[in-house]
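A structural walkthrough
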Amino acid sequence: MKILTGNDLVSGDVIWWAGDGWSRQVGDSVDVGTHGDDLARTEEAALRVVGAYVIDATITDDGVRPAHIKDRIRALGPTVRPDLTLKPNDADAGNWVI
Amino acid sequence: MLPHLDRLSLVEVHFPAFGDGRGYSAARILRESGYQGELRAVGDVLVDQIMAMRRCGFDSFHPAKPLDDAAVDRALHRYADIYQKAIDGRQPVWAKRHPEKIYG
Amino acid sequence: MYRYDSYDQSIVDARVEEFRDQVQRRLTGALTEDQFKPLRLMNGLYLQLHAYMLRVAIPYGTLSGRQMRKLGEIAAKYDRGYGHFTTRQNLQYNWIKLADAPDILAELATVEMHAIQTSGNCIRNISSDQYAGVSADEVADPRPWAELLRQWSSFHPEFTYLPRKFKICVIASDDDRAAMKLHDIGLKLVSRDGVIGAEVYAGGGMGRTPMVAPLIRDFVPEEEIISYLEACLRVYNRYGRRDNKYKARIKILVHEIGVEAYKRQVEEEFAHMRTLGLNPPTEELDRIRAFFAPPAYETGLSEEIDRADPAFALWVDRQVAAHKAPGYAIVNISLKPLTGIPGDASAEQIELVAGLAEQYSLDELRVTHAQNLVLPHVKKADLHAIWQKLEAAGLAEANLDLITDIIACPGLDYCALANARSIPLAQKIAQRFAAAERQAELGELKLKISGCINACGHHHAGHIGILGVDRKGVENFQLSLGGSGAEDTSLGQITGPGFSEDGVVDAIEKVTDLYLAQRESGERFLDTYRRLGMKPFKEAIYG
Ligand code: HEM
Ligand code: SF4
């Protein structure tokens, strides 16, 4: 599937297109099909996102999994600071990115 | 071109992209060689660059996208002090700090 | 230390207001991201993997306790409680909100700091020797020159849109602690017939095409340094390549037209420039120099250090360097705890070090290109008290210049350009070589890791260098040997095919074992490598 991601313009947080708005959880991502680039342009113009781009992803047992490690690290947070990731209480969360 | 400068009254320097800074050197070289006529910056000229262009000797601007006059005015007056001697005749802070020295 | 006068302050304050205006225009949509990006970069604000990142300049690596305290306060108030000290004497915050950035710059301005030109294709923060002013072997303190250049380069009207970034370094000792020849321009102060001037090196750099800068002039007197640099920059601004950003650094220009041609053009331009009155009067450098006059050292101090505690003695032997004044010492504070993140410091640690500087180091601190901190003026009698406080804060690692004193860029954990994670690899290596005896046995061994070819982690200059590459979406690491960023500058050679994370740690163990087996008396790893060449190391690794 194709999903759309970027950063929140004001806070810089990593965000994912969830169909009716943006989410901080990669798991909320929806397939944007061939509309990703258009969506990115409108959402950027509406000042809700910066640096939006379309990526490949798959659905797995753990939910939506971006194809590239870079986007998996974006989805989780820095693997060397588990306390600052979206899963601070899951000691093994870092394994998901590899 | 430099030997014929005194016969020219307008030189346009083209900025193909705002990040292409060769025009700043070109302008200074013209002024350092004694060119007195109009020196116009043309092309991708943004308000945030006007002050540097003025300091390098440009005295007119023909931006591809028109600029807001009030914003240009703010940009030109934002820095009361500057660190380098350039073409615009403004005193750098080192000259203000040592007023006993005479600068030509 | 240098203090701003009302001119310096007005310029920095004006910049904060200008940026506030630009951020406002961005937040209301008057500026698109394409228009805003170069403006925010000129103020050190990047968009990184997880958030905005702000890079703050620590000019020539010197700061006061008050400035350091402010860096800690900002980390606690606007970031997630820490900062990252970089190889270019900057500090990076990783979790900045766009709307907060102007307020952060305003807070920095209250302690005479800024983020001006910490990114963008302009002249960047001027770097220098962390022992400037306190080492016995320098011909003069390089920092007055660096401050003169900081002022000259700030908002330079002609050189703000160069073909590419431009990094200048100033040193004044034969021992190069700042990788001077790996800068776009490196200045080494020398004395000739009692006059101080600079040897000028141009066209060094790392990145994808690393080059060691050749000497282009053996002496520029101090009163002409500005016009000479204007000439160097003008030639580069006019003729540096703009068609390909990977070929846009000055090193490529110097390489393509040749050193002699570049020198000739600079000399022609200089002959013209020196007639234009661009140089500040000598009184200006004297004015700046007065701020860096040696502080009032106490006399009659004891040289004794009580070495009864073995852990303390080990730390002293590793982290403490000779100071030019009797009874004083230079303390290196390691930011490389074995399980930590190279260069990271928490707000509390920053605050603690600020306090140590105020209490024990004449209110002065340094940051180093190796991502460590320095207390430059410490009485030997105070060393034990300082060590105890560092120990309590997790800052008493004794590993300066050893294999675990690893330089590592942020890599894929933070950086949008990365291919691989540098930090977890640094931690694995540190753990493998953790035993203090083993580190001491290996001696000086500079290990440097970059997460991609941009080489922010100086891997080309590592005795052992590691480069992260992307192999079909999987992190992979290339090993290189024989680089140096010191006075014997050299570029490392790649050993061969790359490795997985664990594989590269094993390979390092093989090359260090070979070194231990083959070294002759007094040889460092680098010396043995240079004597033996790559072949035996390659055999040991891939054999
Ligand atoms: C995380 C954000 C960063 C980005 C986006 C970034 C980007 C870059 C790029 C694109 C280059 C290559 C420039 C060229 O070859 O023309 C570069 C070089 C460099 N960066 Fe970074 N960097 C980052 C962080 C850092 C950090 C954390 C450090 C210090 C630890 C650092 C220090 C350097 C150094 C020393 C160079 C080599 C300069 C040279 O080529 O001569 N950078 N960086
Ligand atoms: S070397 Fe590459 S990965 Fe590391 S900080 Fe620089 S740009 Fe990022």
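Each value, and the rule that gives it
- Residues numbered from 1 in each chain as written.
- Chains lettered and ligands numbered in written order.
- Predicted model: local features only at pLDDT ≥ 70, side-chain atom pairs only at ≥ 80, totals over all residues.
- Heavy atoms only, no water.
- UniProt positions renumbered as here; feature names shortened; annotations may be inferred.
- Helix = DSSP H or I, 4+ residues; strand = E, 2+ residues; numbered from the N terminus.
- Near = heavy atom within 4 Å.
- Polar contact = N/O pair within 3.5 Å; in protein donor to acceptor, adjacent residues only side chain to side chain.
- Nonpolar A, V, L, I, M, F, W, Y, C, P; charged D, E, K, R; others polar.
- Contact = heavy atoms within 4.5 Å.
- Buried area = accessible area lost by both parts, 1.4 Å probe.
- Salt bridge = Lys/Arg side-chain N within 4 Å of Asp/Glu carboxyl O.
- Donors = N, O, S within 2.8 Å, 3.2 Å for Na, K, Ca; no water.
- Pairing = 2+ DSSP bridges.
- Domains from an automatic or database assignment.
- Phe/Tyr/Trp six-rings, centres within 6.5 Å; stacked < 30°, edge-to-face > 60°.
- Buried < 20%, exposed > 50% of the residue type's maximum accessible area, 1.4 Å probe, protein only.
- Axes fitted to C-alpha atoms, helices over the stretch in contact; angles between N-to-C directions.
- Parallel < 35°, antiparallel > 145°, perpendicular 65-115°, else oblique.
- Left-handed = near helix turned anticlockwise from the far one by under 90°.
- Arc of directions from axis to C-beta.

All names here are of chain C. According to UniProt, the feature "domain: Nitrite/sulphite reductase 4Fe-4S" (unreviewed entry) maps to residues 119–272 and 403–541 in the numbering used here. For residues 119–272, the helix share is 31%, the strand share is 19%, and the end-to-end C-alpha distance is 30 Å. As annotated, residues 403–541 has a helix share of 37% and a strand share of 17%, and its two end C-alpha atoms lie 18 Å apart.

Before going further, it helps to examine the site of ligand 1. Residue and element names in this part refer to chain C. The immediate surroundings of ligand 1 are formed by 25 residues, with Thr87, Lys165, Met206, Arg249 and Cys456 found nearest. The contact in question runs from a nitrogen atom of ligand 1 to an N or O atom on the side chain of Lys165, over 3.4 Å. At 3.3 Å, a backbone N or O of Gly207 approaches an oxygen atom of ligand 1. The residue makeup of the shell around ligand 1, split by class, is nine nonpolar, ten polar and six charged.

Around ligand 2 sit Cys409, Pro410, Gly411, Cys415, Leu417, Ala418, Ser450, Gly451, Cys452, Asn454, Ala455 and Cys456 of chain C, and those are all the residues in its vicinity. Split into classes, the residues belonging to the shell around ligand 2 amount to eight nonpolar, four polar and no charged.

When the parts come together, some accessible area is lost, and that loss is often what is quoted as the size of the interface. Taken together, the 30 residues of chain C in the interface contact 23 residues of chain A. Taken together, the two surfaces of chain C and chain A that pack against each other cover about 2,200 Å², and 63% of this comes from carbon and sulfur. Considering only the side of chain C, the residues that lose the most area to chain A are Leu49, His50 and Arg421 of chain C, jointly responsible for 22% of the buried surface there. Between the two partners, chain C and chain A, sit zero salt bridges. If you tally residues by element for the side of chain C that touches chain A, the top one is helix α13 (residues 423–432) of chain C, at three residues.

Counting protein donors to the iron atom of ligand 1 gives just one, Cys456 of chain C (SG), placed at 2.2 Å. Within the secondary structure, Cys456 of chain C sits in the loop between β17 (447–450) and β18 (464–471).

On to the sheet that holds strand β20 (residues 493–494) of chain C. Residue and element names in this part refer to chain C. Spatially, the five strands line up as an open sheet ordered β16-β17-β18-β19-β20, and their pairing is mixed. Sheet topology places β16 (407–408) and β20 at the edges, where each strand pairs with a single neighbour. As defined by bridge partners, β17 adjoins β18 across four bridges and the pair is classed as parallel. Across the sheet, Ile449 pairs through a bridge with Ile466, a residue of β18.

Residue and element names in this part refer to chain C. If you check the domain split of chain C, you get domain 1 (6–109), domain 2 (134–289), domain 3 (310–392) and domain 4 (407–542). One C-alpha centre belongs to domain 2, the other to domain 4; they are set 31 Å apart. Taken together, the contact pairs twelve residues of domain 2 with twelve residues of domain 4. A buried area of about 1,000 Å², summed over both sides, lies between domain 2 and domain 4, and 67% of it is on carbon and sulfur atoms. Where domain 2 touches domain 4, the interface holds zero salt bridges. Counting across the domain 2 and domain 4 interface gives four residue pairs in polar contact (both at pLDDT 80 or more).

In this structure the tally under the stated criterion is 18 aromatic pairs over all chains. Arranged with centres 5.2 Å apart and planes meeting at 75 degrees, the rings of Trp17 of chain A and Trp22 of chain A form a pair that is edge-to-face. In this pair, the class of Trp17 of chain A matches that of Trp22 of chain A, namely buried. Site record: aromatic cluster; members linked through ring pairs are Phe15, Phe18, Tyr24 and Phe58 of chain B together with Tyr161 of chain C.

This part covers the packing of helix α5 (residues 143–153) of chain C against helix α9 (residues 282–291) of chain C. Residues and elements named next belong to chain C. Two elements in contact, α5 and α9, have axes whose closest approach is 9 Å; the angle formed by their N-to-C orientations is 120 degrees. By the criterion of interaxial angle, the relationship of α5 to α9 is oblique. As α5 runs across α9, the sense of the crossing is right-handed. Residues Pro144, Trp145, Glu147, Leu148 and Gln151 of α5 form the contact with α9, whose own contacting residues are Glu284, Leu285, Arg287, Ile288 and Arg289. Grouping the constituent residues of the contact of α5 with α9 by class yields five nonpolar, one polar and four charged.

Contact residues are listed per partner, giving 43 residues for chain C and 34 residues for chain B. Between chain C and chain B lies a buried interface of about 3,400 Å² when both sides are counted; carbon and sulfur atoms form 55% of it. Considering only the side of chain C, the residues that lose the most area to chain B are Tyr7, Pro157 and Tyr161 of chain C, jointly responsible for 22% of the buried surface there. Between the two partners, chain C and chain B, sit nine salt bridges. Measuring nitrogen to oxygen at the nearest pair gives 2.7 Å for the salt bridge that ties Arg97 of chain B to Asp5 of chain C. Here chain C is connected to chain B by 22 residue pairs in polar contact (both at pLDDT 80 or more).

Attention shifts here to the sheet that holds strand β9 (residues 195–202) of chain C. Residue and element names in this part refer to chain C. Taken together, the five strands give an open sheet; going across it, the order is β6-β7-β8-β9-β10, and neighbouring strands pair in mixed fashion. Each edge of the open sheet carries a strand with a single partner, namely β6 (127–128) and β10 (215–221). With four bridges joining them, strand β7 (residues 168–171) and strand β8 (residues 185–192) adopt parallel strand pairing. Looking at β8, one finds that Ile171 is bridged to Lys188. In the packing of helix α8 (residues 259–273) onto the sheet, the strands contacted are β9 and β10, and the crossing angle to β10 comes to about 25 degrees.

All names here are of chain B. Taken as a whole, helix α3 (residues 69–77) has its buried residues at Ala71, Val72, Ala75 and Leu76. Looking down the long axis of α3, one finds its buried residues gathered within 135 degrees of arc, a one-sided arrangement. Exposed side chains of α3 directed beyond 90 degrees from the buried face belong to Asp69 and His77. The inward-facing, buried residues of α3 abut α2 (50–55).

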